[in-house]
Amino acid sequence: MRTTRKVSVWPVGLVGGRRYERPIVEKGKVVGWYTGWRAGRPFAIDMAGFAVSLQVILSNPKAVFRRHGTQPGMQESDFLRQITTMEELEPKASNCTKVLVWHTRTEKVNLANEPKYHLDNIRIEV
């Protein structure tokens, strides 16, 4: 996070009904999303999976993170569309191959969306 120039992204463990969700990175660029929920979102990422530099926030004073007035699960995409593009995302955590952040709650973990067979093209320890 410390080296974020604009908007950085990384995998998040225990989110979306899966062991992890992550940006898919090819040649250092984010090209898609490994997610268990609404994969068609422009930025199919959990709130715990990105950081925004203060300079970007100050440069986009009209950008807002809407709590109301947006579809469920679209808050992150709606916010990120206001300040960046997929091409500008900065993958962290060894090109998004390591889980260093976990989405935690005080409830039993629900892995309902975890595929029966491993579908990701990399192996991540969670």
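Presented here is an overview of the structure given in this document. (Residues numbered from 1 in each chain as written. Predicted model: local features only at pLDDT ≥ 70, side-chain atom pairs only at ≥ 80, totals over all residues. Heavy atoms only, no water.)

What to know about the sheet that holds strand β2 (residues 12–15)
Sheet strands pair by backbone hydrogen bonding; their relative direction is either parallel or antiparallel. With respect to topology, 3 strands assemble into an open sheet ordered β2-β3-β4, the strand pairing being antiparallel. Looking along the sheet, the strands with just one partner apiece sit at the ends: β2 and β4 (29–34). Ignoring which end each strand starts from, the neighbouring axes of this sheet average 35° apart. Where β2 and strand β3 (residues 18–26) come together, 3 bridges link them in antiparallel fashion. The residue of β3 that forms the bridge with G13 is Y20. (Pairing = 2+ DSSP bridges. Helix = DSSP H or I, 4+ residues; strand = E, 2+ residues; numbered from the N terminus. Axes fitted to C-alpha atoms, helices over the stretch in contact; angles between N-to-C directions.)

Quick notes on helix α2 (residues 75–83)
Each α-helix turn comprises 3.6 residues. Residues three or four places apart therefore point the same way. Listed as buried for α2 are E76, S77, D78, F79, L80 and I83. Residues of α2 that are buried make contact with β1 (7–9), β5 (50–52) and α1 (54–59). (Buried < 20%, exposed > 50% of the residue type's maximum accessible area, 1.4 Å probe, protein only. Contact = heavy atoms within 4.5 Å.)

Overview of the pairing of β4
Sheet topology places β3 next to β4; 5 bridges connect them, and they run antiparallel. Bridging across to β4, E26 finds its partner in K29. Counted along the chain from β3 to the antiparallel partner β4, the turn is 2 residues long, and its residue K27 has a positive phi close to 55°.

Here we look at the sheet that holds β1
The sheet built from 3 strands is open, its strands ordered β5-β1-β6 with mixed pairing. Every other strand in the sheet has two partners, leaving β5 and β6 (90–91) as the edge strands with one partner each. In this sheet, β6 lies alongside β1 in parallel orientation, the contact comprising 2 bridges. For V9, the partnering residue across the bridge sits in β6 and is P91. On the sheet, α2 packs against β1 and β5 and is oriented at approximately 40° with respect to β5.

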